[in-house]
Amino acid sequence: MTSVDDTPVPALNALSIVTRDMGAALAFYRLCGLTFPEGAENQPHADTTAGGLRIMFDTRDVVSSFTPDWTEPSGGHRMAVAFECASPAQVDALHRRLVDAGHSSAHEPFDAFWGQRYAVVRDPDGNPVDFYCPLE
C-alpha cells in the first residue's frame with residue numbers, strides 16, 4: 001500500500017510494553033494465553049506473536065539504555081491491550097483466573113452498551129488489559 005504521494009505506508013505489526021519486572025509481566029500474559037520461550041522471564045527483552053502482531057516486552061533498563069531521558073508515565077495509561085474472547089463465559093473466566101492469581105480488577109465483567117461483554121484487569125505494571133467479545 002502506498003500513500004497519496006507514492007511513499008510506502010509502513011505496516012503496523014508490533015506493540016512494545018515496558019515492564020518493571022519481566023517475570024511478573026510474562027507470568028500475567030501467559031495466563032492471558034500468550035506463549036514465550038522457556039527462560040524468557042530471565043531476559044531483559046522478550047517477544048511473542050499473537051494474531052499476527054508482534055508483542056515485545058522490555059525492562060525499564062533496556063529502554064533507558066537507548067532513551068536515557070525516558071520516564072515512566074504517570075497519571076494514567078496511554079494505551080491498553082485488548083484480547084478478543086470467543087464467548088462471554090471466556091471473558092468472565094479470564095477475568096476470574098487473573099484476579100484469583102492476585103491481579104487487580106479494573107472493571108468486573110459487564111455487558112457494555114456498545115454490544116460487548118467486557119472486563120478489564122491491570123497487568124503487573126498497572127496497564128489496563130481488556131477482555132471482550134460480541135454479545136449475541
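Just so it is clear, the model here is predicted, and its values are computed rather than measured.

**Section: the side chain of D58**
Structurally, D58 can be placed in strand β3 (residues 53-59). In this structure, D58 is buried with no salt-bridge partner, the nearest side chain bearing the opposite charge being R54 at 7.9 Å. Look past the residues within four positions of D58 in its chain and what remains in contact with it is S16, I17, V18, T19, M22, P44, H45 and V63.

**Things to note about the nonpolar core**
Y29, F36, F57, F83 and F131 are the most contacted members of the largest nonpolar core, which totals 25 residues. Of all the secondary-structure elements, those providing two or more residues to this core are β1 (14-19), α1 (22-31), β3, β4 (81-84), α3 (88-100), β6 (116-122) and β7 (128-134). Leave out the neighbours within four places in its chain, and F131 touches C32, F83, C85, V91, L94, L98, R117, Y118, A119 and V121.

**Observations concerning the pairing of strand β5 (residues 105-111)**
Where β5 and β6 come together, four bridges link them in antiparallel fashion. The partner of F110 across the bridge, within β6, is Y118. Connecting β5 to the antiparallel partner β6 that follows it, the hairpin turn spans four residues, and G115 within it adopts a positive phi of roughly 90°.

**Let's talk about the pairing of β3**
Taken across its seven residues, β3 has five buried, putting it largely inside the fold. Strand direction decides the pairing type here: β1 and β3, joined by six bridges, are parallel. The residue of β3 that forms the bridge with A14 is R54. Pairing between strand β2 (residues 45-50) and β3: six bridges, direction antiparallel. Within β3, the residue paired with H45 across the bridge is D58.

**Brief notes about the UniProt feature "domain: VOC" (unreviewed entry) in the protein chain**
As recorded in UniProt, the sites labelled "domain: VOC" (unreviewed entry) are residues 11-134. Helix makes up 24% of residues 11-134 and strand 35%, whereas the separation of the span's terminal C-alpha atoms amounts to 27 Å.

**Regarding the state of the cysteines**
All chains considered together, the criterion is met by zero disulfides. Unpaired in this structure, C32 has its nearest cysteine sulfur neighbour in C85, at a distance of 9.1 Å. By relative accessible area, C32 is classed as buried at 10%.

**Some details on the environment of T19**
Tracing the backbone shows T19 in strand β1. What makes T19 buried here is its relative accessible area of 0%. Residues T19 and P124, 105 residues apart in the sequence, show an inter-C-alpha distance of 8.2 Å. Other than its neighbours up to four places away in sequence, T19 contacts A25, D58, T59, R60 and D125.

Rules of the game
- Residues numbered from 1 in each chain as written.
- Predicted model: local features only at pLDDT ≥ 70, side-chain atom pairs only at ≥ 80, totals over all residues.
- Heavy atoms only, no water.
- Helix = DSSP H or I, 4+ residues; strand = E, 2+ residues; numbered from the N terminus.
- Buried < 20%, exposed > 50% of the residue type's maximum accessible area, 1.4 Å probe, protein only.
- Lys, Arg positive; Asp, Glu negative; His and termini not counted.
- Salt bridge = Lys/Arg side-chain N within 4 Å of Asp/Glu carboxyl O.
- Contact = heavy atoms within 4.5 Å.
- Core = buried A, V, L, I, M, F, W, Y, C linked by side-chain atoms within 4.5 Å.
- Pairing = 2+ DSSP bridges.
- UniProt positions renumbered as here; feature names shortened; annotations may be inferred.
- Disulfide = S-S within 2.5 Å.

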